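Secondary and tertiary structure notes
Take a look at the letters that make up each chain.
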There are 2 protein chains.
Amino acid sequence: MKDIDFMARAIELAKKGQLKTQPNPMVGCVIVKNNKIVGEGWHQEYGKDHAEINAIKNCKKRFGLKKALKIIAGSDFYVNLEPCSIEKNTPPCSNALIDYKIKRLFCGTLDPNPKINGRGIRLLKKAGIKTKVGLLKNECKQLNKIFFTNQKKLRPYIILKSAQSIDGKIALKNGDSNWISNPESRKDSHHIRSKVRGILIGKKTAEKDNPSLTVRLTNKELGIGKNEIIKQPTKIIIGNLKKSKNNNKLFANNANVIIGSRLSAKQVENLEYIEYKGRDFLEKFLKDLLSRNISSILVEGGQKTLNTFIASNLFDELVIYTAPIFLGDGSISTLSLKPPNSIKKSTRLKKVKIERFKNDIKTTYYNTNI
Amino acid sequence: MKDIDFMARAIELAKKGQLKTQPNPMVGCVIVKNNKIVGEGWHQEYGKDHAEINAIKNCKKRFGLKKALKIIAGSDFYVNLEPCSIEKNTPPCSNALIDYKIKRLFCGTLDPNPKINGRGIRLLKKAGIKTKVGLLKNECKQLNKIFFTNQKKLRPYIILKSAQSIDGKIALKNGDSNWISNPESRKDSHHIRSKVRGILIGKKTAEKDNPSLTVRLTNKELGIGKNEIIKQPTKIIIGNLKKSKNNNKLFANNANVIIGSRLSAKQVENLEYIEYKGRDFLEKFLKDLLSRNISSILVEGGQKTLNTFIASNLFDELVIYTAPIFLGDGSISTLSLKPPNSIKKSTRLKKVKIERFKNDIKTTYYNTNI
């Protein structure tokens, strides 16, 4: 096996932590001695052991404590992200690697946080450990696109979502929008919900639709254990929404709700109001969300809210489900943006993914630059 | 080999006539004796021998005239379409099959023309030849969707085409539309042009864009021989367009042009004016086009023309290239249709095909019902 094969395995392991590590990154670690894997681990859940420590534990389990110590000394570690150098929930991994006297460290990318970027590597180098940074760099970045966005842009990873007709409409004039997309598309959108920490809508949509904004999938559909509890994303409303019959589903089951508006800040059980005044409202709100560990959000509408995010260039993915129907003139358009001066000078999104759900088409436009 | 394998081979052979048989259907024929193929043929070009005759010729070439006659007597014929029973450019094939004393005929579909539908089969049955209709029926229909549409709907097969932004716009307010789609998409649209007999636009587009409406691909790109001449589709204009500097590219190289409008009917070399008065203009025009052997058309715009075809439900395919840009409010929308009364009651197109050209997405919505 080659270096990149071991790193690919580390990425594979890292993915096992998906949905559970946010706001932490997903990290996998492979320990190699004499070209053989002698230990594997990954960061399983926010607040728990890091990948490197789990790989060391795995090695000990495989070979017994005494033999494992001998094996790890002089071994190579493959990790998709730079080992941490700061104590937070757990002791820094860099120190552990030094203590265990490893020989070489291969890592995919440096930590994107400018304050610690390269610090772990410097610690290791100083201790005489050989380091190589950049193995499968793009794959490693892609794996942790949420974490990289959080660190570099100081805001949650933002996914915008809409379901529209061929002629780009999200509802008839009278508001009728049930259902534009088919059941398979709608199920897929619940999978997106399950992967984010927050779902954001505007006040008007909250009052008009009284949505639940919950993940409605079975544990099997989510690929999690029978008895695991489904972690519901926090519901986030923009605008001075007051609890009422028109929006009571949002607050059902003591759900976590955050409302950002001009209303005075206060916290009542799981309902938090954040107060904003003046300009840069959206940027500040997003920063506040991240500080509350909401590392990723799905913006589901309505039209005005979606367009505000696009117009402010505050999005990483734009997901559009297009159903094979026409809703005609006078219906509400998905997008309502300022025109560019010329087509030549207009920005082209650089990456597009296409999926299909029966006759609905899902297009994901990527706007990330991490 | 089984019956369906022989029929699949007949379809494969039929496809070799693509682009050349219109307004005739593509037809392939396989002659089988003792479970072995002893002759193959296809309809190569409009006006030339039919598939059955070419397969017989092929058998004669393989085995010599005398032996071939013996082999064909008592053999089975596999043809994707019912053998013709009417003399047009060539003698009817049904008679030939009877004269050659074949044993069985397998055909994919009956002739869709209501006047001859089943007539060839009846002739053969009467002569004691066993017949089986319906083998790979759907594939055989799909192969000749143009011919079936012509026969059943008495109009050309109609493809509508547009290139739009993510927000469904075909041009900026000032008319700027160069270029929304990328070079790869534009090349693909020339491939569509190469497969139709006519390209239709509205008068306004003809005057605004002064388009050439020609197939601009190399012989290699078209998959035809080096010295073959590229057959250019007829240019069709709706509206009282008069030759001028603003539209002179349309008429260059003595191109075939048809103009349908209130202007008096007349023919000047390759330019024909067809006169219409009153209602049902579009239906009549389409019928007239078909009577001029224009069995398929590509409608390229502008917006009003495209929408007229959709609103009249006069289309078989709607092709949309979507480029990853936003053109914003005030720009010209691709579609401008009447809204349905409710989403539940709105018509869903039944079949969708997705392709991609780099970051452009090509969606083909099928509206055929043949």
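Conventions used here
Residues numbered from 1 in each chain as written. Chains lettered and ligands numbered in written order. Predicted model: local features only at pLDDT ≥ 70, side-chain atom pairs only at ≥ 80, totals over all residues. Helix = DSSP H or I, 4+ residues; strand = E, 2+ residues; numbered from the N terminus. Rg over C-alpha atoms; globule rule 2.2 N^0.38 Å. Buried ≥ 20, exposed ≤ 12 C-beta atoms within 10 Å, placed from the backbone. Contact = placed C-beta atoms within 7 Å. Expected span 1.5 Å × (residues − 1). Pairing = 2+ DSSP bridges. Right-handed = clockwise from strand over helix to strand, strands pointing away. Axes fitted to C-alpha atoms, helices over the stretch in contact; angles between N-to-C directions. Least-squares fit on C-alpha atoms with pLDDT ≥ 70 in both. pLDDT = per-residue confidence, 0-100. Parallel < 35°, antiparallel > 145°, perpendicular 65-115°, else oblique. Left-handed = near helix turned anticlockwise from the far one by under 90°.

**As for the overall build of chain A**
When helices and strands are counted, chain A shows twelve helices and 17 strands. Computed over C-alpha atoms, the radius of gyration of chain A comes to 23 Å, within 12% of the 21 Å expected from 2.2 N^0.38 for 370 residues, which places it in the range of a compact globule. Seen along its three principal axes, the alpha-carbon backbone of chain A occupies a region of about 70 × 50 × 45 Å. For chain A, the residues scored as buried account for 44% of the 370 residues in total. The long-range share in chain A, meaning contacts at least 24 apart out of those at least 6 apart in sequence, stands at 68%.

**Description of the interface of chain A and chain B**
Taken together, the contact between chain A and chain B spans 37 residues of the former and 37 residues of the latter. Elements with a contribution of two residues or more to the side of chain A that touches chain B: strand S16 (351–357) and strand S17 (360–366) of chain A.

**Observations regarding helix H2 (residues 51–63) of chain A**
Residue and element names in this part refer to chain A. Under the 1.5 Å per step criterion, the end-to-end length of H2 is 18 Å for 13 residues, consistent within 8% with the ideal 18 Å. Buried residues of H2: Ala51, Glu52, Asn54, Ala55, Ile56, Asn58 and Cys59, and no others. Elements in contact with the buried residues of H2: helix H1 (3–14), strand S1 (28–33), strand S2 (36–42), helix H3 (65–72), strand S3 (76–81) and helix H4 (93–99). Gly64 sits one or two positions beyond H2 and adopts a positive phi of about 85°.

**Section: the pairing of strand S4 (residues 104–109) of chain A**
Residue and element names in this part refer to chain A. Buried residues dominate S4, accounting for five of its six residues. As paired strands, S3 and S4 are joined by five bridges and run parallel to one another. Directly across from Tyr78, in S4, lies its bridge partner Phe106. Crossover handedness for the path S3 to H4 to S4: right-handed. The β-α-β motif built from S4, the intervening helix H5 (residues 119–126) and the parallel element strand S5 (residues 130–133) has right-handed crossover chirality.

**What about helix H8 (residues 183–194) of chain B?**
Each α-helix turn comprises 3.6 residues. Residues three or four places apart therefore point the same way. Its twelve residues place the ends of H8 of chain B 17 Å apart at the C-alpha level, agreeing with the 16 Å of an ideal helix rising 1.5 Å per residue. Those residues of H8 of chain B not exposed but buried are Ser185, Arg193 and Ser194 of chain B.

**Describing the sheet that holds S4 of chain A**
All names here are of chain A. Across the sheet, which stays open at both edges, the five strands sit in the order S2-S1-S3-S4-S5 with mixed pairing between neighbours. Of all strands in the sheet, those bounded by a partner on one side alone are S2 and S5. Between one strand axis and the next, the sheet turns by 15° as a mean value, whatever way the strands run. Here S1 pairs with S2 via six bridges, running antiparallel. By the bridge assignment for S2, Val32 is matched with Ile37.

**Describing the relation of the copies chain A and chain B**
Take chain A, turn it by 180°, move it 0.1 Å along the axis, and it overlays chain B with an RMSD of 0.1 Å. Such values leave the two copies arranged in the relation of a two-fold axis. Among all residues of chain A, the one whose C-alpha sits closest to the rotation axis is Gly168 of chain A, at a distance of 3.1 Å. When the interface residues of chain A are mapped onto chain B, 100% of them are again interface residues, pointing to one common binding face.

**Details of unusual backbone geometry**
Cis geometry is found at the peptide bond from Gly301 of chain A to Gly302 of chain A, where omega equals 0°. Positionally, Gly302 of chain A belongs in the loop between strand S13 (296–301) and helix H12 (303–311). Of the consecutive residues Asn178 of chain B and Trp179 of chain B, the connecting peptide bond is found in the cis state with omega at -20°. Of note, Leu19 of chain B is a non-glycine position whose phi angle comes to about 75°, a positive value. The residue Leu19 of chain B is located in the loop between helix H1 (3–14) and strand S1 (28–33) in this model. Of note, the phi angle at Leu136 of chain B is positive, near 50°, even though the residue is not glycine. Tracing the backbone shows Leu136 of chain B in the loop between strand S5 (130–133) and helix H6 (137–143).

**Comments concerning the confidence of the model for chain A**
Averaged over all residues, the pLDDT of chain A equals 94, while 100% of them reach at least 70. Both scores are available for the predicted complex, with the pTM at 0.90 and the ipTM at 0.87.

**A look at the environment of Asp76 of chain B**
Residue and element names in this part refer to chain B. Structurally, Asp76 can be placed in strand S3 (residues 76–81). Judged by the 21 C-beta atoms lying within 10 Å of it, Asp76 falls in the buried class. Ignoring anything within four residues of it in the chain, the contact list for Asp76 reads Val32, Lys103, Arg104 and Phe106.

**Considering the sheet that holds S3 of chain B**
Residues and elements named next belong to chain B. Strand order in the open sheet made by the five strands is S2-S1-S3-S4-S5, with mixed pairing throughout. Only two strands of the sheet have a single neighbouring strand rather than two, namely strand S2 (36–42) and S5. Across the sheet, the axes of successive neighbouring strands diverge by a mean angle of 15°, strand direction being ignored.

**Here's the deal with the packing of helix H2 (residues 51–63) of chain B against helix H3 (residues 65–72) of chain B**
For any two helices packed against each other, one specifies the inter-axial angle together with the distance between the axes. All names here are of chain B. Where H2 meets H3, the closest approach of the two axes is 7 Å, and the angle between their N-to-C directions is 125°. Classified by the angle their axes make, H2 and H3 are oblique. The two elements H2 and H3 meet at a crossing, and its hand is right-handed. Here H2 contributes Ile56, Cys59, Lys60 and Phe63 to the contact with H3, which in turn contributes Leu65, Lys67, Ala68, Ile71 and Ile72.

**A few points about the environment of Lys153 of chain B**
With respect to the helices, strands and loops of the structure, Lys153 of chain B is situated in helix H7 (residues 145–153). Counting along the chain gives 217 residues from Lys153 of chain B to Ile370 of chain B, while the straight-line C-alpha distance between them is 8.8 Å.

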